[in-house]
Amino acid sequence: MKRGEVILTIILGLLILLVLARLTTPREIDDINPNWTCEGNYLQKADIIWVTPLKNNVPISNNQTWCEEILAMNKTIGMHGIYHSYHEFKYFVNETELQKGKEIFNDCFGYEPTLFKPPYLRLSLENKKLLEQNNLTIKWIWNQNIHKVYHCENTGVFPNWFHDLF
Ligand SMILES: [Zn+2]
């Protein structure tokens, strides 16, 4: 094979691997909160759901009916930021705020979060350390690419329907 053909073969191979990974890994949905209305039935389709505990400063635990509905879906639930402000975890986040988020998550679902995905996938090294010290497993850019990740309000880089195809 010519050099160009080799490169093309490698690129195609990697693309096939990526599609296969996305077909076989659990589906996820980001941006779950009682105040966000999800498009279609993507919430049902997802295996892992990412919840923001204090969107607009309203604790999810205020809406216990919602908490029970989400729990009844029997899915893996991770924490997705605290307030989901713009590039939240790229900037300084203090320990107290993080604890508050974890407590609200606990008040809603009855257990502390063990998984964490930073909003907008932006995370500073200091905040990464803070999350690790809090025993949170971080799911980041790599995870986002090898999984089909829906967004509740269809605000992802690719629309929800795209993830159903590829
Ligand atoms: Zn998000």
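Data block above holds the structure.
Residues numbered from 1 in each chain as written. Predicted model: local features only at pLDDT ≥ 70, side-chain atom pairs only at ≥ 80, totals over all residues. Heavy atoms only, no water.

Asks: What am I meant to see in the packing of aromatic side chains here?
Replies: Within a pair of aromatic rings, the relevant descriptors are the distance that separates the centres and the angle that separates the planes. Counted by the stated rule, this structure contains eight aromatic pairs. Each ring, one from Tyr 86 and one from Tyr 120, has its centre 5.1 Å from the other, and the planes form 65 degrees; the classification is edge-to-face. Of this pair, Tyr 86 sits in the loop between β3 (76–79) and α4 (95–109) while Tyr 120 sits in the loop between β4 (115–116) and α5 (125–133); the two residues are 34 residues apart in sequence, bridging distant segments of the chain. Judged by relative accessible area, Tyr 120 falls into the partly exposed class, the value being 38%. Aromatic ring contacts, followed pair by pair, group Trp 66, Phe 105, Phe 109 and Tyr 111 into a single cluster. (Phe/Tyr/Trp six-rings, centres within 6.5 Å; stacked < 30°, edge-to-face > 60°. Helix = DSSP H or I, 4+ residues; strand = E, 2+ residues; numbered from the N terminus. Buried < 20%, exposed > 50% of the residue type's maximum accessible area, 1.4 Å probe, protein only.)

Asks: What is the right way to read unusual backbone geometry from this model?
Replies: Most peptide bonds adopt trans geometry, and most residues besides glycine take a negative phi value. The residue Tyr 120 is not glycine, and still its phi comes out positive at about 60 degrees. The backbone of Asn 154 shows a phi angle near 60 degrees, a positive value even though the residue is not glycine. Summarising the element assignment, Asn 154 is placed in the loop between β6 (149–151) and α7 (160–165).

Asks: Would you explain the packing of helix α3 (residues 64–72) against α4 in this entry?
Replies: A pair of packed helices is captured by two measures, namely the crossing angle of their axes and the spacing between those axes. Interhelical geometry of α3 versus α4 gives an angle of 75 degrees and a closest axis separation of 8 Å. The angle between α3 and α4 falls in the class roughly perpendicular. Contact with α3, carried on its side by Gln 64, Trp 66, Cys 67, Ile 70 and Leu 71, involves Asp 107, Cys 108 and Phe 109 of α4 and no other residues of that element. Classifying every residue of the contact of α3 with α4 by side-chain character gives six nonpolar, one polar and one charged. (Axes fitted to C-alpha atoms, helices over the stretch in contact; angles between N-to-C directions. Parallel < 35°, antiparallel > 145°, perpendicular 65-115°, else oblique. Contact = heavy atoms within 4.5 Å. Nonpolar A, V, L, I, M, F, W, Y, C, P; charged D, E, K, R; others polar.)

Asks: Mind showing me how you'd approach the state of the cysteines here?
Replies: With the rule as written, the count across this model stands at two disulfides. Across a sulfur-sulfur distance of 2.1 Å, Cys 38 and Cys 152 are joined as a disulfide pair. Measuring handedness by torsion sign, the sulfur bridge of Cys 38 and Cys 152 sits at about -105 degrees and is left-handed. Remark: Cys 152 occurs in the loop between β6 and α7 and Cys 38 occurs in the loop between β1 (28–32) and α2 (42–45); sequence separation between them is 114 residues. (Disulfide = S-S within 2.5 Å.)

Asks: Got a minute to help me understand the coordination of the zinc ion in this structure?
Replies: When four donors bind a metal tetrahedrally, each ideal donor-metal-donor angle is 109.5 degrees, and when six bind octahedrally, the ideal angles are 90 or 180 degrees. Binding of the zinc ion to the protein goes through Asp 31 (OD), His 80 (NE2) and His 84 (NE2), at separations of 2.0 to 2.1 Å. In primary sequence terms, the donor set of the zinc ion follows D-x48-H-x3-H. One end of the pair, Asp 31, is in strand β1; the other, His 84, is in the loop between β3 and α4, and 53 residues separate them in sequence. On the basis of relative accessibility, which here comes to 7%, the residue Asp 31 falls in the buried class. Its relative accessible area of 8% is what places His 84 among the buried residues. (Donors = N, O, S within 2.8 Å, 3.2 Å for Na, K, Ca; no water.)

Asks: When you look at the side chain of Ser 124 in this model, what are you seeing that I'm missing?
Replies: Note that Ser 124 resides in the loop between β4 and α5. Beyond its immediate sequence surroundings of up to four residues, Ser 124 is in contact with Phe 89 and Lys 90.

Asks: Got a minute to help me understand the nonpolar core in this structure?
Replies: Soluble globular proteins tend to pack their nonpolar side chains together in the buried interior. Membership of the largest hydrophobic core comes to 31 residues, with the highest contact counts inside it found for Ile 32, Ile 49, Trp 66 and Phe 109. Counting only elements with at least two residues in this core, the list comes to β1, α2, β2 (48–51), α3, β3, α4 and α5. By residue number, the principal contributor to this core is α4, which donates five residues. If we skip the residues at most four places from it in the chain, Ile 49 touches Ile 29, Ile 32, Leu 43, Ile 70, Lys 75, Thr 76, Ile 77 and Gly 78. (Core = buried A, V, L, I, M, F, W, Y, C linked by side-chain atoms within 4.5 Å.)

Asks: Is there a simple way to explain the side chain of Lys 55 in this structure?
Replies: Here Lys 55 is to be found in the loop between β2 and α3. For the buried Lys 55, no salt bridge is present, and the opposite-charge side chain at shortest range is Glu 153, 7.3 Å distant. Residues within four places of Lys 55 in sequence aside, it is in contact with Asn 33, Asn 35, Trp 36, Ile 82, Tyr 83 and His 84. (Lys, Arg positive; Asp, Glu negative; His and termini not counted. Salt bridge = Lys/Arg side-chain N within 4 Å of Asp/Glu carboxyl O.)

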